[in-house]
Amino acid sequence: MAAPTPSMLPQLLDKHQAQLMKDWLAGQRAAGVVVDVESDERVRRFIAALRQGASSNADDVKNADWAAARDVLEQISRERALKGSTPVETVMFVFSLKDPLFALLRRECGSDADRLAREIANAMHLLDQLGLYTVEVFQKSREEVIGRQQEELLELSTPVVQLWDGVIAVPLIGTLDSARTQVVMESLLEEIVRTGAEIAIIDITGVPTVDTLVAQHLLKTVSAARLMGADCIISGIRPQIAQTIVHLGVELDVISKATMADAFAVALRRTGRMVVSRAGNGKGASKAENGDKAAGKTGAGQSGE
Amino acid sequence: MIVEKSETLPVRVSEDVVRVRQLVRVHAVKAGFSLVDQTKIVTAASEIARNTIDYGGGGEARIESVTLGIRKGVRLTFSDKGPGIEDIERALRDGYTTGGGLGLGLSGAKRLSNEFDIQSAPGQGTTVSLARWK
Ligand SMILES: Nc1ncnc2c1ncn2[C@@H]1O[C@H](COP(=O)(O)OP(=O)(O)OP(=O)(O)O)[C@@H](O)[C@H]1O
Ligand SMILES: [Mg+2]
């Protein structure tokens, strides 16, 4: 929608910049837009960018002449997306400019109703596009944030820790979908190689449901570890899970222990070590020695999903 | 058998499996199931829900709290409009899989349930229903 006569917008923005800045900031406050130390500078930059775009007569804000305006909006949208603001709050930055700008146009056009209608339609068209663009960038940034959080969560939830020379452990927590299992498997194998571990303990206390898919993932991980020269011990199989696995018909052909402590004791014994109480502490024998027989406690009753 | 409460969930993506498990858990807890019984029906639900996605191309799950006299139970019905199962008996055999799985989902779910039924024919989709009583 190209205006037939050049718009008065650029001159208007030049002439009344100070007034517009003041009114717009007040409008932003009223609309619930966060106004902070950077707002002045940002508002100034946006008005300058708007002036630049409007004087180009390009009425599509995706055009290169609008690059500076888009820059400001992108920056705001990203910031707000990171802070968890709503899209409405974010887009009000642009839309709150309508009232003060239209007021200026009205004053400037005086009794020329035709001119005023044209100018307002033009300004509205531009600001609506800029608003939509803001929402678009905001949405994209939100998705990026969520995607990054998911990735971080994937890594966060699968820390492989070294318990002792030659003994590593990975406590699994949450739902073991295929993506997470892949990450677990990879980091476990990497750690086996890096530390030369002989024994890897996989603790599933925090896994709410062990179905055939989870079982298959576990079995694959165990076989892969075996190929790298490490034996796995699965710990934290709660009684209800153990019973269910049996009914499913899954055979976890791997050493399993009730608790991570029991598994650790076995691991120490297997690698030729022993835990001994210090003299004077009563029992001299190690707990590690009867780790194999220990029924152990069975973690927290139930972990939710 | 009286249906006290009935809820339906979509079963299309793997997150839906988690949602189904959570809701089945809620019904099982309300029915007063022991931890073992909760785990059994939740695991059975997980198996059938995954089959609905993997082989049935997605469908839906109906989760119901039911009573029969003084007994409380949870009944689950999974239905899809996928290719159907040609030979149900073979599909129920331990170790039979066409998808590189363990082939224990259907048979395992059956063992984890008190009642189990498959309605399926080639081109007709599949409906698996199961129930577990307190
Ligand atoms: N809803 C369905 N629609 C079509 N075919 C199905 C459906 N459910 C199961 N099947 C068929 O039955 C076979 C056995 O299913 P089952 O769940 O026992 O094993 P699986 O899914 O292959 O492996 P897993 O042990 O991981 O469950 C499947 O491989 C598939 O061919
Ligand atoms: Mg299956």
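That block above? That's the structure.
What counts and what doesn't
Residues numbered from 1 in each chain as written. Chains lettered and ligands numbered in written order. Predicted model: local features only at pLDDT ≥ 70, side-chain atom pairs only at ≥ 80, totals over all residues. Heavy atoms only, no water. Near = heavy atom within 4 Å. Polar contact = N/O pair within 3.5 Å; in protein donor to acceptor, adjacent residues only side chain to side chain. 1 Å grid on protein atoms, 1.4 Å probe; cavity = no way out; pocket = protein on both sides within 12 Å on 5 of 7 lines; lining within 4 Å. Sits in = over half its atoms within 2 Å of the grid points. Axes fitted to C-alpha atoms, helices over the stretch in contact; angles between N-to-C directions. Helix = DSSP H or I, 4+ residues; strand = E, 2+ residues; numbered from the N terminus. Parallel < 35°, antiparallel > 145°, perpendicular 65-115°, else oblique. Left-handed = near helix turned anticlockwise from the far one by under 90°. Contact = heavy atoms within 4.5 Å. Nonpolar A, V, L, I, M, F, W, Y, C, P; charged D, E, K, R; others polar. Patch = residues over 30% accessible without salt bridge, like charges linked within 9 Å, V, L, I, M, F, W, Y side chains within 5 Å. Areas by Shrake-Rupley, 256 points an atom, 1.4 Å probe, with all protein chains shown as cover. Salt bridge = Lys/Arg side-chain N within 4 Å of Asp/Glu carboxyl O. Buried < 20%, exposed > 50% of the residue type's maximum accessible area, 1.4 Å probe, protein only. Buried area = accessible area lost by both parts, 1.4 Å probe. Pairing = 2+ DSSP bridges. Right-handed = clockwise from strand over helix to strand, strands pointing away.

### A look at the site of ligand 1
Line of reasoning, step 1. If you check the shell around ligand 1, you find 20 residues, and the closest are N51, Y55, T97, T98 and L104 of chain B.
Line of reasoning, step 2. Among the chains of the assembly, those with residues near ligand 1 are chains A and B.
Line of reasoning, step 3. G105 of chain B is positioned such that a nitrogen or oxygen atom in its backbone is 3.2 Å from an oxygen atom of ligand 1.
Line of reasoning, step 4. Its atoms largely coinciding with the cavity grid, ligand 1 occupies the largest pocket.

### Remarks on the packing of helix α4 (residues 67-83) of chain A against helix α5 (residues 87-95) of chain A
All names here are of chain A.
Line of reasoning, step 1. Closest axis-to-axis distance for the α4/α5 pair is 10 Å, and the angle between their directions is 155 degrees. Comparing their axes, α5 and α4 come out roughly antiparallel. You can see that α4 and α5 cross each other, and the crossing is right-handed. Touching L73, I76, S77 and R80 of α4 are T90, F93 and V94, all from α5.
Line of reasoning, step 2. Looking at the contact of α4 with α5, its residues break down into four nonpolar, two polar and one charged.

### Notes on a nonpolar patch on the surface
Residue and element names in this part refer to chain A.
Line of reasoning, step 1. A contiguous nonpolar patch, built from V161, L163 and W164 and spanning about 250 Å² of accessible area, is present on the exposed surface.
Line of reasoning, step 2. Here V161 lies in strand β1 (residues 161-164).
Line of reasoning, step 3. Among the residues examined, V161 registers a relative accessible area of 36% and is labelled partly exposed.

### Focus: the interface of chain B and chain A
Line of reasoning, step 1. Contact residues are listed per partner, giving 23 residues for chain B and 20 residues for chain A.
Line of reasoning, step 2. In total, about 1,900 Å² of surface goes out of reach between chain B and chain A, with carbon and sulfur atoms giving 57% of it.
Line of reasoning, step 3. Counting the surface chain B buries against chain A, the share from its top three residues, R21, L35 and L102 of chain B, is 24%.
Line of reasoning, step 4. The interface formed by chain B and chain A holds two salt bridges in total.
Line of reasoning, step 5. Among the salt bridges present, the one from D211 of chain A reaches R50 of chain B, with a minimum N-O distance of 2.7 Å.

### Digging into the sheet that holds strand β4 (residues 115-120) of chain B
Strand pairs in the sheet, formed through backbone hydrogen bonds, run parallel or antiparallel to each other.
Residues and elements named next belong to chain B.
Line of reasoning, step 1. Overall, antiparallel pairing links the five strands, which are arranged β1-β2-β3-β5-β4 in an open sheet. Strands with a single pairing partner mark the edges of an open sheet, and in this sheet they are β1 (2-11) and β4. Ignoring strand direction, the axes of neighbouring strands in this sheet form an average angle of 15 degrees.
Line of reasoning, step 2. Pairing between strand β3 (residues 71-80) and strand β5 (residues 126-133): eight bridges, direction antiparallel.

### Concerning the environment of K110 of chain B
All names here are of chain B.
Line of reasoning, step 1. Along the chain, K110 turns up in helix α4 (residues 105-111).
Line of reasoning, step 2. Assessed through its relative accessible area of 41%, K110 is described here as partly exposed.
Line of reasoning, step 3. C-alpha of K110 to C-alpha of A44: the two residues are 66 residues apart in sequence and 7.6 Å apart in space.
Line of reasoning, step 4. Those residues in contact with K110 that sit more than four places away from it in its chain are L92 and F116.

### Points about the pairing of strand β2 (residues 167-173) of chain A
All names here are of chain A.
Line of reasoning, step 1. Within β2, five of the seven residues are buried, which leaves it mostly tucked inside the rest of the structure.
Line of reasoning, step 2. In terms of strand pairing, β1 meets β2 through three bridges, oriented antiparallel. Looking at the pairing, V161 lines up with A169 of β2.
Line of reasoning, step 3. In this antiparallel pair of consecutive strands, β1 and β2, the connection spans two residues, and G166 shows a positive phi of 85 degrees.
Line of reasoning, step 4. Here β2 runs beside strand β3 (residues 199-206); their pairing, made up of six bridges, is parallel. The partner of V167 across the bridge, within β3, is I199.
Line of reasoning, step 5. Handedness of the crossover joining β2 and β3 through helix α8 (residues 178-195): right-handed.

Keep in mind that these numbers describe shape and distance, not what the molecule does.
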